[in-house]
Amino acid sequence: MKIVISFLLALTGAYCVDVKSLLDTTYTDGAGKNVTLSDLSGNYIGLYFSASWCGGCREYTPKLVKLYNRIHKDKNWEVIWVTHDHNEPDADKYFKEMPWIRLPWDQIAVRGAKLFKLTERSYIPSLTMISPDFKIVNAEATQDTEDNPDGFPWPWP
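Just so it is clear, the model here is predicted, and its values are computed rather than measured. (Residues numbered from 1 in each chain as written. Predicted model: local features only at pLDDT ≥ 70, side-chain atom pairs only at ≥ 80, totals over all residues. Heavy atoms only, no water.)

Draft legend 1. Structural context of the overall build of the protein chain. Regarding its fold elements, the protein chain presents six helices and seven strands. The order of helices and strands in the protein chain, counted from the N terminus, is α-α-β-β-β-α-β-α-β-α-β-β-α. Burial statistics for the protein chain: of 157 residues in total, 49% are counted as buried. Taking the contacts inside the protein chain whose residues are at least 6 apart along the sequence as the reference set, 62% of them involve residues at least 24 apart. When the accessible surface of the protein chain is split by element, carbon and sulfur atoms take 54% of a total near 8100 Å². (Helix = DSSP H or I, 4+ residues; strand = E, 2+ residues; numbered from the N terminus. Buried < 20%, exposed > 50% of the residue type's maximum accessible area, 1.4 Å probe, protein only. Contact = heavy atoms within 4.5 Å. Areas by Shrake-Rupley, 256 points an atom, 1.4 Å probe, with all protein chains shown as cover.)

So, in structure tokens, the structure goes:
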């Protein structure tokens, strides 16, 4: 299945997108501190798409938090949350459960939508893994993180 998805992504041009330029913005952490793309230099990046209203996200987020807390420093891994919430107060409240950084609310409609398009998904939760050189390692690593949590960065075969 992953081979088929990879082939379809290649056909649609998803791999031709300049991932670095899409990621080149200022993010915020839970304390409100700004984090830039240059601050993430040398890190793998997990783009995490979810929302507070999504039952599957509510189930997956705590698992991802636990995994992130266990390996992010040793593996040079940062997660960027891209909300699919319908309003900012719900997104803000849900983000308090997450230890990583987020795409600012005012960038969700345009930049967030473009980032989600990279995954060629129509559902959440979704975790896309990106290498330190801004190549998509795995457009859908969500299940891989659960099936093989020690398989970081969960590359496609």
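Draft legend 2. Looking closely at the confidence of the model for the protein chain. In this model, the protein chain carries a mean pLDDT of 89, and residues with pLDDT of at least 70 account for 89%. Ignoring residues within four places in sequence, the model shows residues 1–15, a span with pLDDT below 50, making 22 contacts including any to other chains. (pLDDT = per-residue confidence, 0-100.)

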